[in-house]
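What follows is the residue order along each chain.
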Amino acid sequence: AQKVTQAQTEISVVEKEDVTLDCVYETRDTTYYLFWYKQPPSGELVFLIRRNSFDEQNEISGRYSWNFQKSTSSFNFTITASQVVDSAVYFCALSLTGGGNKLTFGTGTQLKVEL
Amino acid sequence: DSGVTQTPKHLITATGQRVTLRCSPRSGDLSVYWYQQSLDQGLQFLIHYYNGEERAKGNILERFSAQQFPDLHSELNLSSLELGDSALYFCASSARQGIDTIYFGEGSWLTVV
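Residues numbered from 1 in each chain as written. Chains lettered and ligands numbered in written order. Predicted model: local features only at pLDDT ≥ 70, side-chain atom pairs only at ≥ 80, totals over all residues. Heavy atoms only, no water.

Would you take a moment to explain the overall build of chain A for this structure?
Helix and strand counts for chain A come out as 0 helices and 12 strands. Order of helices (α) and strands (β) in chain A, N terminus to C terminus: β-β-β-β-β-β-β-β-β-β-β-β. Taken against the 2.2 N^0.38 rule, which gives 13 Å for 115 residues, the C-alpha radius of gyration of chain A at 14 Å falls within 12% of a compact globule. Across its three principal axes, chain A shows a C-alpha extent of roughly 45 × 25 × 20 Å. Relative to its full complement of 115 residues, chain A shows a buried share of 45%. Considering only residue pairs separated by 6 or more positions, chain A has 55% of its internal contacts joining residues 24 or more positions apart. Only carbon and sulfur atoms are counted for the fraction: they give 48% of the accessible area of chain A, which is about 5600 Å². Charged side chains of chain A number 10 positive and 13 negative; the gap between the two group centres comes to 6 Å. (Helix = DSSP H or I, 4+ residues; strand = E, 2+ residues; numbered from the N terminus. Rg over C-alpha atoms; globule rule 2.2 N^0.38 Å. Buried < 20%, exposed > 50% of the residue type's maximum accessible area, 1.4 Å probe, protein only. Contact = heavy atoms within 4.5 Å. Areas by Shrake-Rupley, 256 points an atom, 1.4 Å probe, with all protein chains shown as cover. Lys, Arg positive; Asp, Glu negative; His and termini not counted. Charge placed at Lys NZ, Arg CZ, Asp CG, Glu CD.)

Pasting the structure below:
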């Protein structure tokens, strides 16, 4: 069975600080996909990134960056120079190739960015 | 805007009642998924349809049922509602049946009183 752990329940930072959200996953499959979604206070789930298990290259998109390390089964998400608009709950999720396209979500990390 | 449309956005109903949540996937997407988000269970996969056929079932109660119609829209029917069914119900869609990026709608907030 697969599992996603987001140990950080809530993180508070001051605007312009960098912040890293941790995600640790468990699976016995060798082929899988990892995702990050953002849930702002309005409630919708916004797709941020998808990464497959064969691609360990880090990715940067503007102020967002992701660090995927198979050796530690982690897929961490860093926001550089955080802004108030980054305040949201962030979910990490795992999908297995043999499981259709079912997403197993972590419990989420609530990020609060204050002025 | 993900392109996935869900109605209604908010719904309040009494225990024992039945409700139907409706979803229109993104244009061109053949897969539709339903997820439930509650405080105690988090985000849980309920069911997946691809081009009208059920493809996978998750933690979906027998009181709940879903279908995907020929025009690809989907409905989630919740019956004999209990207080514990209060949750945010998401519909999502993707282009393919297998691994693909899933785009979520804004959700339907269901409150059972």
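Can you help me understand the overall build of chain B in this one?
Looking only at helices and strands, chain B has 0 helices and 11 strands in total. Listing every helix and strand of chain B by position from the N terminus yields β-β-β-β-β-β-β-β-β-β-β. Over its C-alpha atoms chain B spans a radius of gyration of 13 Å, differing by no more than 12% from the 13 Å that the globule rule assigns to 113 residues. The buried share of chain B, taken over its 113 residues, is 50%. Contacts in chain B between residues far apart in sequence, at least 24 positions, make up 54% of those at least 6 positions apart. Counting 8 positive and 12 negative side-chain charges, chain B places the centres of these two groups 3 Å from one another.

What's the story with the nonpolar core in this structure? I'm lost.
The tendency in soluble globular proteins is for nonpolar side chains to be buried side by side. Of all hydrophobic cores here, the largest spans 24 residues; its most connected members are Trp36, Phe77, Tyr90 and Leu111 of chain A. Counting only elements with at least two residues in this core, the list comes to strand S2 (10–14), strand S3 (19–21), strand S5 (32–39), strand S8 (64–69), strand S9 (74–79), strand S10 (88–96) and strand S12 (109–114) of chain A. The dominant element in this core, judged by the number of residues it contributes, is S10 of chain A, at 5 residues. Judged by nonpolar contacts, the second largest core, of 20 residues, contains Val4, Leu46, Tyr49 and Leu110 of chain B. (Core = buried A, V, L, I, M, F, W, Y, C linked by side-chain atoms within 4.5 Å.)

Help me understand the packing of aromatic side chains in this model?
The relative placement of two aromatic rings is captured by the distance of their centres and the angle of their planes. For the structure shown, the criterion picks out 20 aromatic pairs over all chains. An angle of 85° between the planes, with centres 5.2 Å apart, marks the rings of Tyr37 of chain A and Phe104 of chain B as edge-to-face. Taken together, the residues span two chains, with Tyr37 of chain A in strand S5 and Phe104 of chain B in strand S10 (residues 103–104). This pair shows no difference in class: Tyr37 of chain A is buried, exactly as Phe104 of chain B is. Ring pairs connect the aromatic residues Phe35, Tyr37, Phe47, Phe91 and Phe105 of chain A together with Tyr35, Phe45, Phe90, Tyr103 and Phe104 of chain B, which therefore count as one cluster. (Phe/Tyr/Trp six-rings, centres within 6.5 Å; stacked < 30°, edge-to-face > 60°.)

Just checking my understanding: could you explain the side chain of Gln6 of chain B for this structure?
Residues and elements named next belong to chain B. For Gln6, the position within the fold is in strand S1 (residues 5–7). The class of Gln6 is buried, set by a relative accessible area of 3%. The residues contacting Gln6, other than those within four sequence positions of it, are Arg22, Trp34, Tyr89, Phe90, Cys91, Gly105, Glu106, Gly107 and Ser108.

When you look at the pattern of salt bridges in this model, what are you seeing that I'm missing?
Pairing between side chains of opposite charge can happen when their charged atoms approach one another. Here the structure, examined in full by the defined rule, presents 11 salt bridges over all chains. We note a salt bridge from Lys112 of chain A to Glu10 of chain A, for which the minimum N-O separation is 3.5 Å. One end of the pair, Lys112 of chain A, is in strand S12; the other, Glu10 of chain A, is in strand S2, with 102 residues separating them in the sequence. Of the residues examined, Lys112 of chain A reaches a relative accessible area of 35% and is grouped as partly exposed. Two residues, Asp55 of chain A and Arg51 of chain A, come together in a salt bridge whose shortest N-O distance is 3.6 Å. On the accessibility criterion, Asp55 of chain A (27% relative accessible area) is partly exposed. Bridged by salt links that share partners, the residues Arg50 of chain A together with Arg96 and Asp100 of chain B form one connected network. (Salt bridge = Lys/Arg side-chain N within 4 Å of Asp/Glu carboxyl O.)

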